[in-house]
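# Inside the fold
Letter by letter, the chains look like this.
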Amino acid sequence: MYYTLFIIEIISALILAATLLYRYGDCYRNHIIVTVSVLTAWYFSFLIMFILPLDISWTVYRTHQCLNTSTPLDSTSLSNSTTAAPAPQCPISWPDKVFPNLWRVVYWTSQCLTWLIMPMMQSYSKAGDFTVKGKLKSALVDNAIYYGSYLFICGILLIYLAFTSGVTLDGSKIKAIASSASNTWGLFLLILLLGYALVEVPRNLWNNSKKNYTLTYCYFKIAKLSTDKFEAEETIDDILESLNCVTAAVGSGHPLYRHVETIVQKLPVQLRDKLGSRAPPERTPPPSLKSLINLHKKTIKALHVLQRTETQYSLMLERTYHLEDVAANCRSPDHHFQHTFQMSRPKVQRILYPPLVEWYWECFLKQYFLKTMAVVTGILSIMVVWSEVTFFNKEPVLSIFANIVSAAGKNFNYIAIVTISTLIICYIFYCAYSTVLKIRVLNLYYLAPHHQTNEYSLIFSGMMVCRLTPAMCLNFLGLIHLDSHIITQRIMETYYTQIMGHMDVLRIIAEGFNIYFPMLVILLCLATYFSLGSRLLSLCGFQQFVGDDDLTTDLVDEGRELVKREKRRRQRVEESMSRRRDYSERLSAYRPRDTDGERTDIHSYQRAELPYNRQDDIDRRFGESTLPTVRTEERRRDKLTIPPKGLFDDV
């Protein structure tokens, strides 16, 4: 059974990573290197979360049934005993090298991705140079500045260790220090994220169960996104003005003409037409190569921002339409869900999710389900906070998770250990990573569904997952008292801890940060509960949904008017499509059915039968070179776009 669980966990992690990458990324448009790197980063991170509970249960099993519990061993004595004495005989045999080899490959591969490979890919993707050599040079300079500070701090720490503790700095010791530094950084970020998410996750579930609150919040977000969209379009206009001056100064015979054409080809079709319609300036000095590189970099960034804001605005509009439909159907005596706009759904979904079932789910059952989930996640959040505050106390054991694992181990219930550990780790991971996705710096880091996430955001997500997961797992091992360096007790540790090490290379980390910093989570949770951060940002001029203040009310009213305007616009488009469809049907009644011309004509009108999709409208207005098309299961891709010949773009 243990082998079966091991294989199931490995396959499940791969399926989950591939499914998420397919949902958020676009494998046909993204470069193959980006796709493989992000898939590897997500897969290895999910693999750590899924396999660690098996490692924990196997450690508890060895402690209670394979070794004499009266003489517990720590990781050091365990490693020494394996060389001096034969391995203990267990009722269930399990190769001792499976977990260590797996953890070495998974951990160090993910660390190389997050600290070396992906930062270079991310800098390369936003570089404005026109050659591979130039892009690599810009990426190296960008990362040299970033990692120079890290190397400087590491150098000081190595000197401190060499002169104060008398430690011999060999290769294995330096590797342990690097691992400890990475895990300490991850723990710092993890606690900050948990302090926000452990409150916001249950609160969002509870608020989403209230239809009026959710609809009001959507109106607020629509108003904010409309402002962001307007600013993104203004930035594009400024870039078009600069490009107009550049194209006027650089003719077809100029040495920099091919670089100018590279920038122009990055623009969507309609923006290119808009650029061509502008009157050229009279006298413009020719640009330099450096200025073209900067303009190219600004163009890439501006197009990314435009893509993100348009996608967010589109998805928020669809969600608002749905919530308005739910509010209207709740007042309807007919228990069949009616949509304002026609939706294209797969046949299986139409059979399993008919309008009657949809009405009972959306108007009746969903609110109670969300409230139940809010209560469950709230209890989990309280358990996590309590365990984070008390996990270092070994006598009596105050950590809830440590007591649960200990009780399950004494009762030889190893399936319960695997199940509970997986549930808690997945909840902590969801809380931490969902908070990362809400930190949308400059509108670049955003995972949008329907294949709407660009390469830059995918790389960022892969980096953050690889950095958070090891620290999160080590923190969880401390919560269940399987880290001997935290509870200062001789115990048998997991293979994961033996490979990853501990976060206590420095005394200040071992005796201070590693133990007392997680206690800060309770203060962060209190600040989040009273919305202190949102109120502070609102006072500083950043619009936040903080209640019934005047600014929030004005934005809600503005968002409501924007939704009405967009709904009227969409209704006019669908009415036009309906008239075209009726005209095509009447035309087909008077034309012969066996002529090729009639078939071609009807085929041209069949597109009007498809429901209106706002993302298709975005493609028509901004072109398809920047914005991937939203696809459903019933709609096939018209043509597959081939990744660029160079690395990430058309170098």
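Everything numeric in this text was worked out from a predicted model, so none of it was measured. (Residues numbered from 1 in each chain as written. Predicted model: local features only at pLDDT ≥ 70, side-chain atom pairs only at ≥ 80, totals over all residues. Heavy atoms only, no water.)

### Examining the confidence of the model for the chain
- Mean pLDDT for the chain: 77, with 76% of residues reaching 70 or above.
- Within the chain, helix H12 (residues 355–390) carries the highest mean pLDDT (92), whereas helix H3 (residues 75–84) carries the lowest (38).
- Per-residue pLDDT stays below 50 along residues 68–88; that stretch engages in 21 contacts with residues further than four places along the chain or on separate chains.
- Long-range and interchain partners of residues 619–651, a stretch whose pLDDT sits below 50, account for 94 contacts in this model, where long-range means more than four residues apart. (pLDDT = per-residue confidence, 0-100. Helix = DSSP H or I, 4+ residues; strand = E, 2+ residues; numbered from the N terminus. Contact = heavy atoms within 4.5 Å.)

### Re the nonpolar core
- Grouped together as the largest cluster of nonpolar side chains are 91 residues, with contacts concentrated most on Trp42, Phe99, Trp103, Leu198 and Tyr496.
- When residues in this core are grouped by element, the largest group, 18 residues, is from helix H2 (residues 32–66).
- Among all residues touching Trp103, those that are not within four sequence positions of it are Ile48, Ile51, Leu52, Asp55, Trp108, Tyr495, Tyr496, Ile499 and Met500.
- Leu240, Leu243, Val246 and Ile263 belong to the second-largest nonpolar core, a separate cluster that totals 22 residues. (Core = buried A, V, L, I, M, F, W, Y, C linked by side-chain atoms within 4.5 Å. Buried < 20%, exposed > 50% of the residue type's maximum accessible area, 1.4 Å probe, protein only.)

### What to know about the packing of H12 against helix H13 (residues 400–410)
- Their axes nearest at 7 Å, the elements H12 and H13 cross at an angle of 95°. In terms of orientation, H12 and H13 fall into the roughly perpendicular class. When H12 is examined against H13, the residues Met383, Val384, Trp386 and Ser387 are found in contact with a partner set consisting of Ile400, Phe401 and Ile404.
- Taken together, the residues of the contact of H12 with H13 sort by class into 6 nonpolar, 1 polar and no charged. (Axes fitted to C-alpha atoms, helices over the stretch in contact; angles between N-to-C directions. Parallel < 35°, antiparallel > 145°, perpendicular 65-115°, else oblique. Nonpolar A, V, L, I, M, F, W, Y, C, P; charged D, E, K, R; others polar.)

### Quick look at the side chain of Thr299
- Looking at where Thr299 falls in the secondary structure, it is placed in helix H10 (residues 289–330).
- Within polar-contact distance, the side chain of Thr299 engages the backbone oxygen of Leu295 at 2.7 Å.
- Once residues within four sequence positions are removed from consideration, Thr299 is found in contact with Ile239, Ile263 and Leu267. (Polar contact = N/O pair within 3.5 Å; in protein donor to acceptor, adjacent residues only side chain to side chain.)

### Looking at the pattern of salt bridges
- Under the criterion given, the structure shown has 11 salt bridges.
- We note a salt bridge from Glu362 to Lys366, for which the minimum N-O separation is 3.7 Å. With Glu362 and Lys366 both in helix H12, this residue pair falls 4 residues apart, about one helical turn.
- Take Glu362: its relative accessible area is 10%, and that puts it in the buried class.
- Judged by its relative accessible area of 28%, Lys366 falls in the partly exposed class. (Salt bridge = Lys/Arg side-chain N within 4 Å of Asp/Glu carboxyl O.)

### Some remarks on unusual backbone geometry
- Backbone geometry at Phe412 places phi at a positive 60°, although glycine is not the residue there.
- Summarising the element assignment, Phe412 is placed in the loop between H13 and helix H14 (414–438).
- With a relative accessible area of 45%, Phe412 lands in the partly exposed category.

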